[in-house]
Structures are given as C-alpha cells and as structure tokens.
Amino acid sequence: MKKKQQDLAISGGSKAFPKMTGKVQPKVGVAEFLSIADRFGFKPVVLQRLRRTLKDSDLAGNGPHLGRYYGSKPIKGEEFEALGRKVFGVKYALGVSSGTGALHSAFVAAGVGPGTEVVCPALGFAATSMAVMLAGGVPVFCDVDASLHLDPTKLDACITPRTVAVAPTHCWSSMADLAPILRIARKRGLKVVEDCAQSPGASYRGKCVGSVGDIGCYSISCYKIIGGGEGGMVVTNDKRLFDRIRQFAEGGGLWRPDRFGPERYEGELFPGGNYRLSELEAAVNVIQLGKLNAVCNRYRQASRRIRSQLASFDEITPQTIHDAEGAIGYMLRFFPSTVQLSRTIADALVAEGISAATRGAEHGPDWHLSRDMYPVTLRHGSIPGGSVFEDPRYIARGGRAEYRVGQCPVAEDLFGREVMVTVDQYLSARDCDAIARGMNKVFRAYCTESPRGARWL
Ligand SMILES: Cc1ncc(COP(=O)(O)O)c(C=O)c1O
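Predicted, not measured: the structure shown is a model, and the values here were computed from it.

Describing the site of the ligand
Argument step 1. Close contacts around the ligand come from 13 residues, with Thr-100, Asp-195, Ser-219, Tyr-223 and Lys-224 the closest.
Argument step 2. Within the backbone of Gly-99, a nitrogen or oxygen atom sits 2.8 Å from an oxygen atom of the ligand.
Argument step 3. Contact between the ligand and Thr-100: an oxygen atom at 2.6 Å from a side-chain N or O atom of the residue.
Argument step 4. Coverage of the ligand by the protein chains reaches 90% of its 390 Å² of free accessible surface.
Argument step 5. Counting residues per element, the shell around the ligand draws most heavily on helix α5 (residues 99-109), at three residues.
Argument step 6. Classifying every residue of the shell around the ligand gives five nonpolar, six polar and two charged.

See below:
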C-alpha cells in the first residue's frame, strides 16, 4: 500500500474531520414557540413562564419540527386523524392542508381526469367545482330544491357517459338528501364525493355526513365552525381509494412503508403533490375537532328552541331540512314569497336586534351560486388553450358543458330570496325565546298566520 493510502482514515489513519465543533441550534426552537404565544397575545408573565419552561436543550438536535416528514412521527397529525376516524365514524382519515386539498385529492382518487364530468350542486362554493377542474374534469351543475341542496330528481338529467362522480355539498350546517343521490349514483356507476366543508358534524339518518358516500371532504379552518387556521380532512371506508388519496396528497411517497419502493399493485403510483398538514395546524385542529360535538350540540339546542316557537305563515316557507335531528342549525333560513317581502322582513328583524340578512334579486356576483362562479363559468384554463373544456379527450367524448344565467332557476331564485337568521351557539334560553318572539312579531306584522302554512322542523 502506498504511504498516501496508509494515511487515509479508511486504512486506520486519523480522521480529517473527526467532529463538528460548531454548536448546533435546533431549527425550530424557543423563539418560534414564543412567537406563536406572542402572536396570540399571551401576557408578559405567561411568556416569561413559557421561556423558563422551554429551553433550547429540550429542543436540541433537529428539535421538534412542524412538518410531516419522513422519519419523524407526525404525532399531532396522527392524533388528528385518529380522532377524525372516531368522530366521523370511518375507517380511514387523512389530515390535509385545506378543504380544497381534500377535494382535489378526493376527485383524483375517484377517477376524475381529462374527458370526465362531475355533477356539482348549483349552491355551495366554487371550491368544489374548481377542484373538479384542477383534477382535469368538467363540473356540470345540478339545480337545488327547497333544501338548497342538490335536487335528486334532477340528477339523472345531468349524468352523461362522461360522468364519473357526483359531489353533493352539505351547505351551511344542513345536509343533502343522500339516500336518493346514492341510489342513482350506484345505479349509474358513479362515485359520491361529499363536500362537508360547511357542515362537519351534521348527520344524515344517523351517520355523519362525509361517511355516507365514497369519500368525505372537510375544511377545518378558522372561517368554518371548527378549525384554528387552515386545514382539512379526507375520509373514506375504502382502502384502495385511501391509497389513491394519499398518493395524490402526498406525492413524496412519505405515506408508503418503503417510500421509494416499486409499485406494490398496478395503479398504486402516479404523480402526486403536497397537501400535507403541518404539525402546528394539526396540534390546534385536533383540539378543535375534539370540541366539534359540543359545538354542534349547542347550535342544535339553540336552533331547535327557536324553531319550536315559530308560528306558520302563508307567505313563509322554511328551508326543507332532510334530517332535522342531524342538522347543526347555525343558520335559520326561510323563503318569503317575494324578494320585496324578504327585504322588508330582513330589515324589520335587524331593527329588532336580530342578526338577519337577505340578498335580493339584484345581488352582486357571489361564488356560492353556480351562475356567478366566474373561475368556472368563464371556462378558462390557467393558460390560453389550457382549459379542460378544450381538452381533445373531452371534445372527442362529445363533451360540451356550458354555463348560462337561468340554467339552475330554483337556485338563482332562492339564493336571492332567502332570509338568513344567524344562530349563535352561545345564545341562552332567554336569548332564543326573545329571538323567536321577535321573528313571530315581524312575521305577524307582514304575513298571514295560518295553521296550513309550512311548519318549522
Ligand atoms: C363548500 C366548500 N367547499 C370547499 C371549501 C374550501 O375549503 P378551504 O378554504 O379549506 O380550502 C369551502 C370553503 O369556503 C366551502 O365552503
């Protein structure tokens, strides 16, 4: 062996770089945790106590981090998912970074892609139909009934040879009529993807919405009834669908036992993205999810107490609720017979101190109504020529979905005419009684009380 080779550490010589002498700082340490506490306005004395408790040495090495990466157990993420399985009554749950991420992953998993269509309700939010388009499919809008949800009697007419899924949205704490939707979907070989972003905790015939169809999607975020910041969850009872959801939401392969291993069965692997939920969001959202039942129960109690005291009137049609026990009830909705009457009633309710609103026939564009969902109805892609409507696979299959004013007349009428009364979960019994009295007072002033009028469920 040459002298130069004998000097090598590999031959027993001394190491060139025996040990790093620089002091390793945790990537995420005391400062980050304190900044979170600071952000939420903890008092200086609490901050001091936290500083004393948290030490860099506790966070040494890589420190805890807020991601969900290989080799580190996503403790809070897994807690969130375990609780999701329990609360929603499903076999599989994946925490994701948003409701949109949940929907996008669900549609891809359900087989939505170029040349396919998904039936979406005319009321809900544009996120559902945009997620269809992100997956490469085309949304077809189905009109609603007096429940403000997808009208099952109009579903068949929206189904084409290109349809692969139907996506009932459970709106504003209520629920779609899932039994007939499911019956039609099964007969026509379609997947049912439930969008539960606005109604987590609502149930339909004893089962949580999201657990009835093939895949359920939730938004768990600060602008929904539970959630601290951003977040979402996808649930299913089907293992193959769950694998597809995970492959799409977590394309880095971190979900697999052997991350980079070969395909274990045909169709397991395809390009995926990253909708991973951070540990920080999971830590907050697992607590939020734990509060869901109590939140829903408070809403239910308040809403039921108000509704049980409302009289019936010829000119007032309450929103149809497909499962009165299962609805959460954070909004009381009803349809006066004309938009003028809706405006008069809403104004009078507000004057009584009751939180009420209506939109009127000439309301501005609103992405909760299909007619106004411009990112969808303009039929654009993100680049010229890149639209799902122009995809040769769509055209070759005879696809020509288009959108126009008047296409979903019931939704367009009810959306302008409805009056919404906000129900706060913290209303006392006395508050509920006062609201019910105020509503009856206003109704009696402008409408005809009648035992034949529609009843409040
Ligand atoms: C019906 C519906 N679906 C999906 C979403 C999207 O959820 P996120 O904002 O978490 O992406 C929303 C949000 O407003 C929604 O209302």
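Now that the structure is up, let's keep going.
Structural notes on the environment of Ile-316
Argument step 1. Topologically, Ile-316 is positioned in strand β10 (residues 316-318).
Argument step 2. Placed 111 residues apart in sequence, Ile-316 and Arg-205 show a C-alpha to C-alpha distance of 27 Å.
Argument step 3. When residues no more than four places from it in sequence are discounted, the contact partners of Ile-316 are Phe-334, Phe-335, Pro-336, Ile-345, Phe-443, Cys-447, Ala-454 and Trp-456.

Description of the pattern of salt bridges
Argument step 1. Applying the stated rule across the entire model yields 24 salt bridges.
Argument step 2. Residue Lys-239 is joined to Asp-243 by a salt bridge in which the shortest nitrogen-to-oxygen separation is 2.9 Å. Of this pair, Lys-239 and Asp-243 both sit in helix α8 (residues 239-249), four residues apart, roughly one helical turn.
Argument step 3. Taking the relative accessible area as the measure of exposure, Lys-239 reaches 40% and is therefore partly exposed.
Argument step 4. The class for Asp-243 is buried, based on a relative accessible area of 3%.
Argument step 5. The closest approach of N and O atoms between Asp-347 and Arg-343, which form a salt bridge, is 3.6 Å. Residue Asp-347 and its partner Arg-343 are located together in helix α11 (residues 339-351), separated by four residues, close to a single helical turn.
Argument step 6. Through salt bridges with shared partners, one network takes in Arg-333, Arg-359, Asp-366 and Glu-418.

Scoring rules and cut-offs
Residues numbered from 1 in each chain as written. Predicted model: local features only at pLDDT ≥ 70, side-chain atom pairs only at ≥ 80, totals over all residues. Heavy atoms only, no water. Near = heavy atom within 4 Å. Polar contact = N/O pair within 3.5 Å; in protein donor to acceptor, adjacent residues only side chain to side chain. Areas by Shrake-Rupley, 256 points an atom, 1.4 Å probe, with all protein chains shown as cover. Helix = DSSP H or I, 4+ residues; strand = E, 2+ residues; numbered from the N terminus. Nonpolar A, V, L, I, M, F, W, Y, C, P; charged D, E, K, R; others polar. Contact = heavy atoms within 4.5 Å. Salt bridge = Lys/Arg side-chain N within 4 Å of Asp/Glu carboxyl O. Buried < 20%, exposed > 50% of the residue type's maximum accessible area, 1.4 Å probe, protein only.

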